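# Working through the structure, step by step
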Amino acid sequence: MPILETQEISVRFGGHMAVNSVDLSVEAGEICGLIGPNGAGKTTTFNVITGLQAPTRGRIRLDGQDITSLSAHKRARSGIARTFQRLELFGSLTVRDNVRTAAELNRTMARPVGDVADELLERVGLTGVDNQRADALSTGSARLLELARALACTPRVLLLDEPASGLDEGETDRFADLLMELARDGLAILIVEHDVPLVMRMCDHLTVLNFGEVLASGTPKEIQKNQAVLDAYLGQDPGAPG
Amino acid sequence: MTDIIVLGLVSAAIYAVAASGLVVTYTTSGIFNFAHGAVAMLSAFVYWQLSSSDAWGLPVPLALVLTLFVFAPGLGWAIDALLMRRLHDAAPITRLVVPIGLLVALISAATIIWPPDTVQASLPFFFEGKNIDVAGVAVTYHQLIVLITAIVVAVGLRVLLYATRIGTAMRAVVDNRDLAALNGVSPDRISGMAWALGCALAGLAGVLIAPILALDQSQLTLLVINAYAAAMVGRLRSLPLTALGALILGLSRETVSYFAEDLPTWISVDTVPALMLFAVLILVPQDKAAVFGQPKDPARVPNPSWPLVIGSGAALVALAYVIPDLVSDKTLSSVGYGLALAIIALSLVPLTGYGGQISLAPLAFAGLGAAIMSTWGSDGNPLVLLAVIAICGVVGALVSLPALRLKGLYLALLTFAFALFVEKAVLPEFNGFTQGVAPVGRLDFFGISTNSDRANLVLLAVAFVLFGFFVTALRKGRVGRQLQAMKTSPAACATLGLDLTALKVQVFALSAAMAGLGGALYGGWRGQVGVEQFALLQGALPGLPLVLLGVVGGIAAVAGALFGGLVLAVAPLIGEYYPVFKDFMLLLPGLAGISLANNPNGAIAQASDSFRAILHKRSKDADPGEEFVEPAGSMAEVMALMIPAPAGLVPEQIAVGASAGATNVGVLDREVGLDWGRCHANS
């Protein structure tokens, strides 16, 4: 049974249909990719799932429970965490306090929040900069901090919006290993990412959005062969015949 | 009834002209010109100076041309060139406070040039005594001119903005300043023109309204401020909706004036603009930018160490104990006044400094606190303080409810409307407040009296220090982190499980309760109070300058609040002792607010940076192996930054060679016009 499920969610901005009848589902321990060209409605879908944007139509279910009418903070408390495409760090706080603030808001947290923050920063590789102001971080480090902060919520579902942009090759590899490790621990991950090789390597399932609609859905291999996806987003492999 | 319509239309026409000017400057610069009313007032005075037979006596047409086509546009251009252009990437509070500083400075300047005690200025109507008959109502030529002017302005602006290249450029600049520049538009020239046009419209409104009203610095400014409500109907963007707003405002005011006797006292000509502004802010949908895409606030939130806080607190209380032996009664009175103001200003530190929620109403809550103390605690019963905390806290929470969906300018205007309402409708209901003789007792803690000046001053100092400890503890703890998180990214807070509604209500209630206590203690120090002490602009203790100096000191610093309160109280005293500085002291609060354009973190943060830099430099001198770049200027540079740069000295125009003498990176950046805020945002 999927832990997170969206049923025909649509978002209309005036005359523009940003998201049109999108169905998604993620199971525990699974990494699902949401890909598509810019403006396809990926971030809007994330905003709808996390409660920052009300859908015009459709339902969102967590563990089978309808959470569509829940406010953003209540959804977070029930186990949905996210990162942002446009960084949303608490710039005037230190790196450590960013994670600590999230841990303090986590009502299920039994351990001292300071320890949790230190452990998470070590896990994402930010131990050396824990006392720096968050707005002094490079984009890559800032994305790792957003991940650590989201993990401090001990989520069951993690939504990552272009988390690898700004990371170098080595960082990206370590980042992918970390995500796969988290998934093995049972976390459900929904990821929006333009780094196609990374997505193909990590994801168990892919959904392709185009102009707000689901263009295709399947395993990475199936998506790679899908003609509609190749035309709209991935393009042809120049080495491939035809 | 026809009377109401004619008078209503005339009021509406003036509001429409004034509000259009506000919309023009806001749409092209993104800055809400709080000083719009003051520009109108100053233009009316200049017109009087030029045209009146008691002054220079120039012919009326020449005086009109000089006022509306030379002075007002020139002032607008200068305001943009010297101040507003620097604010594009400033924190929201700075973008609000600099125009408020200008408002206060212009009122002070007009009071210095045309002292109300000696200059009896009044403007005649145009074509005085002439009128025509419209449906049985005598409409004066002046009223007719007002109506025709409004129509000409409306049509003219529509044509300018939508049918000319300049209009297109103006709209492009507000959409994306950098992109407009890349496409060959000079954003500075365009925004200068927009400010010139906006201020010319303010001047026109001032010249038209002054004959109807008295030529008085505060009255005239406040009346044009009423145009805010009209401009908000058009969400500061749409000129036709602004005209509709002006029509609603004009007709409502005249209707209320006509039926004044049948209406409850809280609905009057004075409260209609505040009520309308309140209603419009609640009903008109806010921009989506309120949740996403807010400019990040680069301001620092100081985190002083406990030994420093405790040591400073003890020193302040000790100083309060000895000061009555050292100074005259007059100075002592000002110092106590300053400490009470500091407590009121401190109420903004958690709310605005940490939480980013802008309020222009701390003095209104202080007024409520004093009113409660006066009603039940005129004998000095300290238990009444609990009532002050409870009532002000509840009112603060209630005000925060409509404020929950508002941010930045909209929130500032909502609190502005609330403060105006308290001043005009609530405080006059309390006994003695209109005459300024409402008694407030000094506290008597079950036998320990604070009746003497020394005891009462120590009480004020102890209260400030305790509040300071509380606010510092808040800063260092969980709630402080949550408030700062809310200020930087409400969206991230919500997705981490923070209940923003609850947090906002709590911090508004806390701030209101603190301000209320400050007001109650201030009442005790003074002995008797009235509306004048808690007004936004008029009177001896204006509310807007208080907010301004709180920010100038550093809105996120406890010491900043102390600085703001003491400067506001003690500055006029310096003017009295040293008459040569009198005018400067009158201008000081306004100039200090304007200086934020250069110094967004506030004087305390800047001074502490400089102090640290000096200490670091000394240690570096002792150990030359270590490299260090000063984060801010020397104290002399800090003082220089408190005063705005002279005309023509904009950063881009300083010769590169001039940078050679600069000793630190911060100064160098400012001189070569480097914009680290934008670099970071785009990185």
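### Thoughts on the overall build of chain A
- A tally of regular secondary structure across chain A gives nine helices and ten strands.
- In summary, chain A has a C-alpha radius of gyration of 18 Å against a globular reference of 18 Å for 242 residues, a match within 12%.
- When its C-alpha atoms are laid out on the principal axes, chain A stretches across 55 × 45 × 35 Å.
- A burial count over chain A gives 48% of its 242 residues as buried.
- Taking the contacts inside chain A whose residues are at least 6 apart along the sequence as the reference set, 66% of them involve residues at least 24 apart.

### Some remarks on the overall build of chain B
- Assigned secondary structure in chain B consists of 29 helices and six strands.
- Counting across all 683 residues of chain B, residues that qualify as buried make up 53%.
- Across chain B, contacts joining residues at least 24 apart in sequence account for 76% of those joining residues at least 6 apart.

### Here we look at unusual backbone geometry
- One non-glycine residue, Thr-154 of chain A, lies in the positive phi region at around 40°.
- You can see Thr-154 of chain A is positioned in the loop between helix 5 (139-151) and strand 7 (157-161).

### Concerning the environment of Pro-163 of chain A
Residues and elements named next belong to chain A.
- Relative to the elements of secondary structure, Pro-163 occurs in the loop between strand 7 and helix 6 (169-184).
- Along the backbone, Pro-163 and Arg-143 are 20 residues apart, and their C-alpha atoms lie at a distance of 6.0 Å.
- When neighbours within four sequence positions are excluded, Pro-163 is seen to be in contact with Thr-83, Arg-143, Leu-147, Phe-175, Ile-191 and Glu-193.

### Comments concerning helix 11 (residues 239-258) of chain B
All names here are of chain B.
- The first and last C-alpha atoms of helix 11 sit 28 Å apart over 20 residues, in line with the 28 Å expected at 1.5 Å per residue.
- Of the positions making up helix 11, those classed as buried are Leu-239, Thr-242, Ala-243, Gly-245, Ala-246, Leu-247, Leu-249, Gly-250, Ser-252, Arg-253 and Glu-254.
- Contact partners of the buried residues in helix 11: helix 1 (2-29), helix 5 (141-163), helix 10 (227-233) and helix 12 (272-283).

### Brief notes about the interface of chain A and chain B
- Counting from both sides, the interface comprises 25 residues of chain A and, opposite them, 19 residues of chain B.
- Mapped by element, the contributors of at least two residues to the side of chain A that touches chain B are helix 2 (72-77), strand 6 (80-82), helix 3 (95-105) and helix 5 of chain A.
- Take the side of chain A that touches chain B: its biggest share by element is six residues, from helix 3 of chain A.
- A class-by-class count of the residues in the side of chain A that touches chain B yields ten nonpolar, seven polar and eight charged.

### Comments concerning helix 3 of chain A
- Among the eleven residues that make up helix 3 of chain A, eleven are buried, leaving the element largely enclosed by the rest of the structure.
- Against helix 4 (113-124) and helix 5 of chain A together with helix 20 (478-488) of chain B lie the buried residues of helix 3 of chain A.

### Focus on the confidence of the model for chain B
Residues and elements named next belong to chain B.
- Summary statistics for chain B give a mean pLDDT of 81 and a share of 86% for residues scoring 70 or more.
- With pLDDT under 50 throughout, residues 288-295 is counted as low confidence; its partners more than four residues away or in other chains account for nine contacts.
- Note on residues 624-683: pLDDT under 50 across the span, and 67 contacts to partners over four residues away in sequence or across chains.
- Per the prediction output, this complex has pTM 0.84; the corresponding ipTM is 0.91.

### Considerations on the domain arrangement of chain A
Residue and element names in this part refer to chain A.
- Segmenting chain A into domains produces domain 1 (1-79 + 156-242) and domain 2 (87-154).
- The gap between the C-alpha centroids of domain 1 and domain 2 is 24 Å.
- Among the elements of the structure, helix 2 and helix 6 are those that each provide at least two residues to the side of domain 1 that touches domain 2.
- Top element by residues in the side of domain 1 that touches domain 2 is helix 6. It accounts for three residues.

### Side note on the pairing of strand 8 (residues 188-192) of chain A
Residues and elements named next belong to chain A.
- Burial of strand 8 is extensive: five of the five residues sit out of reach of the surface.
- Judged by which residues are buried, strand 8 turns out to be covered on both faces: Ala-188, Leu-190 and Val-192 on one side and Ile-189 and Ile-191 on the other are all buried.
- Pairing between strand 3 (residues 31-35) and strand 8: four bridges, direction parallel. When the sheet's bridge partners are listed, Gly-33 is paired in strand 8 with Ile-191.
- Where strand 7 meets strand 8, five bridges bridge the pair, whose relative direction is parallel. Within strand 8, the residue paired with Leu-159 across the bridge is Leu-190.
- Between the parallel elements strand 7 and strand 8, the chain passes through helix 6 in a crossover that is right-handed.

### Points about the sheet that holds strand 6 of chain A
Residues and elements named next belong to chain A.
- As summarised here, the arrangement of the six strands in space is 6-7-8-3-9-10, forming an open sheet in which the pairing is mixed. At either margin of the open sheet sits one strand with a lone partner, and together these are strand 6 and strand 10 (213-218). Direction aside, the axes of adjacent strands within the sheet are offset by 20° on average.

### Concerning the packing of helix 13 (residues 306-326) of chain B against helix 19 (residues 453-476) of chain B
All names here are of chain B.
- Interaxial distance between helix 13 and helix 19 falls to 8 Å at its minimum, and their mutual angle equals 170°. Judged on the interaxial angle alone, helix 19 and helix 13 are roughly antiparallel. Where helix 13 abuts helix 19, its residues Val-309, Gly-313, Leu-316, Val-317, Ala-320, Tyr-321, Ile-323 and Pro-324 lie against Asp-453, Arg-454, Leu-457, Val-458, Leu-460, Ala-461, Val-462, Phe-464, Val-465, Gly-468, Phe-469 and Thr-472.
- When the residues that make up the contact of helix 13 with helix 19 are grouped by side-chain class, the tally is 15 nonpolar, three polar and two charged.

### Some thoughts on the nonpolar core
Residue and element names in this part refer to chain B.
- Membership of the largest hydrophobic core comes to 308 residues, with the highest contact counts inside it found for Ala-18 and Phe-464.
- For this core, the element with the most residues is helix 1, which contributes 16 residues.
- Contact partners of Phe-464, with chain neighbours within four places excluded, come to Leu-316, Leu-339, Ala-342, Ile-343, Leu-346 and Leu-562.

### Remarks on the packing of helix 2 (residues 36-51) of chain B against helix 8 (residues 187-209) of chain B
All names here are of chain B.
- Between helix 2 and helix 8, the shortest axis-to-axis distance is 7 Å and the interhelical angle comes to 60°. On the basis of their axis angle, the class for helix 2 and helix 8 is oblique. Seen along the crossing, helix 2 lies across helix 8 with a hand that is right-handed. Along its contact with helix 2, which presents His-36, Val-39, Ala-40, Met-41, Ser-43, Ala-44 and Tyr-47, the element helix 8 presents Cys-199, Ala-202, Gly-203, Ala-205, Gly-206 and Val-207.
- Residue classes in the contact of helix 2 with helix 8 are distributed as nine nonpolar, four polar and no charged.

### Let's talk about the sheet that holds strand 1 (residues 4-13) of chain A
Residue and element names in this part refer to chain A.
- Spatial strand order, 2-1-4-5: four strands in an open sheet with antiparallel pairing. Two strands close off the open sheet at either side, each with one partner strand: strand 2 (16-26) and strand 5 (65-66).
- Pairing geometry for strand 1 and strand 2, over seven bridges, is antiparallel. Considered in strand 2, the bridge of Thr-6 is made with Leu-24.
- Its contacts with the sheet place helix 1 (residues 42-50) against strand 1, strand 2 and strand 4 (57-62), and it is angled at close to 65° to strand 2.

### Focus: the pairing of strand 3 of chain A
- For strand 3 of chain A, a buried count of five out of five residues is recorded, marking the element as mostly surrounded by other parts of the structure.
- The side-chain alternation of strand 3 of chain A yields two buried faces, one formed by Ile-31, Gly-33 and Ile-35 of chain A and the other by Cys-32 and Leu-34 of chain A.

### What to know about the environment of Ala-340 of chain B
All names here are of chain B.
- Checked against the element boundaries, Ala-340 lands in helix 14 (residues 329-346).
- With 30 C-beta atoms counted inside 10 Å, the residue Ala-340 sits in the buried group.
- Sequence separation of Ala-340 and Thr-472 is 132 residues, and the distance between their C-alpha atoms is 19 Å.
- Excluding anything up to four places from it in sequence, Ala-340 contacts Leu-460, Gly-518, Leu-521, Tyr-522 and Trp-525.

### Overview of the environment of Ala-597 of chain B
All names here are of chain B.
- Residue position: Ala-597 is located in the loop between helix 25 (582-595) and helix 26 (603-622).
- Among the residues examined, Ala-597 registers 24 C-beta atoms within 10 Å and is labelled buried.
- Here the alpha-carbon distance between Ala-597 and Ala-90, two residues 507 residues apart in the chain, equals 8.0 Å.

Calculation notes
- Residues numbered from 1 in each chain as written.
- Chains lettered and ligands numbered in written order.
- Predicted model: local features only at pLDDT ≥ 70, side-chain atom pairs only at ≥ 80, totals over all residues.
- Helix = DSSP H or I, 4+ residues; strand = E, 2+ residues; numbered from the N terminus.
- Rg over C-alpha atoms; globule rule 2.2 N^0.38 Å.
- Buried ≥ 20, exposed ≤ 12 C-beta atoms within 10 Å, placed from the backbone.
- Contact = placed C-beta atoms within 7 Å.
- Expected span 1.5 Å × (residues − 1).
- Nonpolar A, V, L, I, M, F, W, Y, C, P; charged D, E, K, R; others polar.
- pLDDT = per-residue confidence, 0-100.
- Domains from an automatic or database assignment.
- Pairing = 2+ DSSP bridges.
- Right-handed = clockwise from strand over helix to strand, strands pointing away.
- Axes fitted to C-alpha atoms, helices over the stretch in contact; angles between N-to-C directions.
- Parallel < 35°, antiparallel > 145°, perpendicular 65-115°, else oblique.
- Core = buried A, V, L, I, M, F, W, Y, C linked by C-beta atoms within 7 Å.
- Left-handed = near helix turned anticlockwise from the far one by under 90°.

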